[in-house]
Amino acid sequence: MSGSVGGGDGGGVPGAGQDVDADAEPPQLMPPPLPGGGGDDDDDGNVKSEQAVDVAAFPSAKRARLSEGEAELAGTPPEGCGEEAQPKPEVPPPDLTQPAQGAPLQDEAEFPVVEENDAGDRGGPEVKWHQNGDGGPDASIEPSENPEEEQDGDGSAQSPGQGQHLALDFTQNPQYLTGSWTEYAHLPENYLKGCKWAPDGSCILTNSADNVLRVYNLPAELYSYEWELLTEMSPVLRMAEGDTVYDYCWYPKMSSLDADSCFLASSSRDNPVHVWDAFYGVVRASFRPYNHLDELTAAHSLCFSPDGSQLYCGFDKMVRVFHTQRPGRDCEERPTTVKKQGQGGIISCFAFSPCLSVYACGSYSRSVGLYSCQDGTPLAMLPTRPHGGLTHLLFSPDGNYLYTGGRKDPEILCWDLREPGKVVFSLSRNVSTNQRIYFDLDPSGRYLMSGDTEGVVSVWDVQTAPPDGDEELLQPQLRFQTQRDCTNGISVHPFMPLLATSSGQRQFPWPGGSGSEDDSASDGEGDKAAVSPEEIQQQDNALRVWWAGPLGPPAEGERQQSPARAEA
């Protein structure tokens, strides 16, 4: 399992200028720039002092990984995000960011659909679970045109989830495996504010009230079903922002095969958008948005385009689009309100359609708008609901439906985008604060999961909803307690039956006030819960990982069955 940062025993490699460790790993140079160049020029908004940080002062999360043969003998895959490859193979892995090079801001006809097997199973038939593509230098990164030819002895084909045939199973409560809680006990009220799996499934990213982004590697014991050996997880990277973190997101093409693609973006109050290296934990580049007074302004929401070539940032009545390859201040401005017409308020969340060149924006003014990816042309506005501002949006895998949820909003709505304005069904959840409470869909689009302010996770089978429903209330298939406190984050692993949940909220002893309804209140700043002193002792600030699949290794017969389990 991964050691904690700074412990010196996590297998990390030395920084620049240090001697080679006993395992003969080469010393690490400065982190590479973003794909396509750059970021050293001060005029482009990249502070040279950020690039000149002594890497030795930042513990590296990179570790030696097993060779293909050793991994097969050990029965475990290489460990997670931030691994250190041994001397580079003769054939370097493809550059996952290559399609983004030279891409225009507005001339793209359509964003390519992100295939599930970009983070796929690329290992040999002897290893049941492969991670980060330990398939050798000849392993293909692109999806196979003929999945039947790609299928190997354990039935893997098309996508990791289908190949391993271990789908989510909600006929019983998920089993708690491990988590992290000591990390958040050093400071008072250091509650978590969400968690997100990396696109390749190798690690988890969390955000917390101390303004630190943490990266956790997936424990190796999960692959061998040695769950009794699991201990508390420790972060391998800590990335501290200067103020309250508004939003954060992974680069969608992130893969541990390509170190240049391992980065994430975050936005915090009174700071530019930072791009963090997920191998070293240092700032790789910055995007600097300026307002009409030429003052630096912070983005309230972030989202990469599906191909990773652009970074969308939400502001008050404005969306700014940066080119991932061109850090600095140059961006395209797309106002959401023109002559008092359009979508007002702070753009608080984004979602991209997986099938069409369309993205959705939610705002704290309780509105949802659909826009063209080419130039930001408004396509449709969904009716405003009499609840709190939008905090999370999610498209279904087929792109026909959009799920929306807000703060102090007791329901998640499913909108049929083929008939804009029609609500197919609603999902009830308990959200009594302004805190952003995430929800997530499994890769098949069948199960939608969300936590609530009582620490309960609800699971809905959205395929049981009638297609011609008229805002029918869909009942959850399963409800289970995950934490004693508010479960504000939930994330489904890209291809394994794993769930990650995060918990905590800002609490004040009784008497206390409720969160402000002001639209300018950012996520996490208006989260207040008036509780008694006894309830203060029940704070539960923790990250937890749950197993939501079959208990025990899959039998040979089970691997040949369909990944979708029939309900009892």
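The sections below set out a description of the structure shown in this document. (Residues numbered from 1 in each chain as written. Predicted model: local features only at pLDDT ≥ 70, side-chain atom pairs only at ≥ 80, totals over all residues. Heavy atoms only, no water.)

With that settled, consider the nonpolar core. Counting residues in hydrophobic clusters, the biggest one holds 22 residues, and the most contacted among them are Leu177, Ile204 and Leu498. Setting aside residues no more than four positions away along its own chain, Ile204 makes contact with Cys195, Lys196, Trp197, Arg214, Val215, Tyr216, Met233, Ala500, Leu543 and Val545. (Core = buried A, V, L, I, M, F, W, Y, C linked by side-chain atoms within 4.5 Å. Buried < 20%, exposed > 50% of the residue type's maximum accessible area, 1.4 Å probe, protein only. Contact = heavy atoms within 4.5 Å.)

Next up on the list: the side chain of Ser208. Tracing the backbone shows Ser208 in strand β3 (residues 203-208). Engagement of the side chain of Ser208 in a polar contact is seen with the side chain of Asp210, the distance being 2.5 Å. A polar contact is formed between the side chain of Ser208 and the backbone oxygen of Val212, at a distance of 3.5 Å. (Helix = DSSP H or I, 4+ residues; strand = E, 2+ residues; numbered from the N terminus. Polar contact = N/O pair within 3.5 Å; in protein donor to acceptor, adjacent residues only side chain to side chain.)

On to the sheet that holds strand β8 (residues 273-277). Hydrogen bonds along the backbone pair up the strands of a sheet, which may run parallel or antiparallel. The strand order across the open sheet formed by four strands is β6-β7-β8-β9, and the pairing between neighbours is antiparallel. With one partner strand each, in any of the chains shown, β6 (245-250) and β9 (283-287) form the two edges of the open sheet. Across the sheet, the mean angle separating the axes of adjacent strands is 20 degrees when strand polarity is ignored. Pairing of β8 with β9 involves four bridges; the strand directions are antiparallel. Opposite Trp276, over in β9, you have Val283 as the bridge partner. (Pairing = 2+ DSSP bridges. Axes fitted to C-alpha atoms, helices over the stretch in contact; angles between N-to-C directions.)

Next up on the list: unusual backbone geometry. Although it is not a glycine, Lys340 adopts a positive phi angle of roughly 65 degrees. Tracing the backbone through its elements, the reader meets Lys340 in the loop between β14 (337-338) and β15 (341-342).

Right, let's get into the pattern of salt bridges. Pairs can form between side chains of opposite charge once their charged atoms are near each other. All chains considered together, the criterion is met by twelve salt bridges. With a shortest N-O distance of 3.1 Å, Glu332 and Arg334 are connected by a salt bridge. Summarising the burial analysis for this pair, Glu332 and Arg334 share the class buried. When the shortest N-O distance is used, the salt bridge between Arg385 and Glu411 registers 3.3 Å. Within this pair, whereas Arg385 is found in the loop between β19 (378-382) and β20 (390-395), its partner Glu411 is found in strand β22 (residues 411-416), the two being separated by 26 residues in sequence. (Salt bridge = Lys/Arg side-chain N within 4 Å of Asp/Glu carboxyl O.)

Evaluated as defined, the whole model comprises 14 aromatic pairs. Residues Phe263 and Phe304 carry aromatic rings whose centres are separated by 6.1 Å and whose planes lie at 70 degrees to one another, so their mutual orientation is edge-to-face. With a gap of 41 residues between them, Phe263 in strand β7 (residues 263-268) and Phe304 in strand β10 (residues 301-304) connect regions that are remote in the sequence. Accessibility assignment for this pair places Phe263 and Phe304 in one class, buried. The interplanar angle of 80 degrees and the centroid separation of 4.9 Å between the aromatic rings of Tyr312 and Phe352 together place this pair among those described as edge-to-face. You can see Tyr312 sitting in strand β11 (residues 310-315) and its partner Phe352 sitting in strand β16 (residues 347-352), a full 40 residues away along the chain. Owing to a relative accessible area of 11%, Phe352 belongs among the buried residues under this scheme. (Phe/Tyr/Trp six-rings, centres within 6.5 Å; stacked < 30°, edge-to-face > 60°.)

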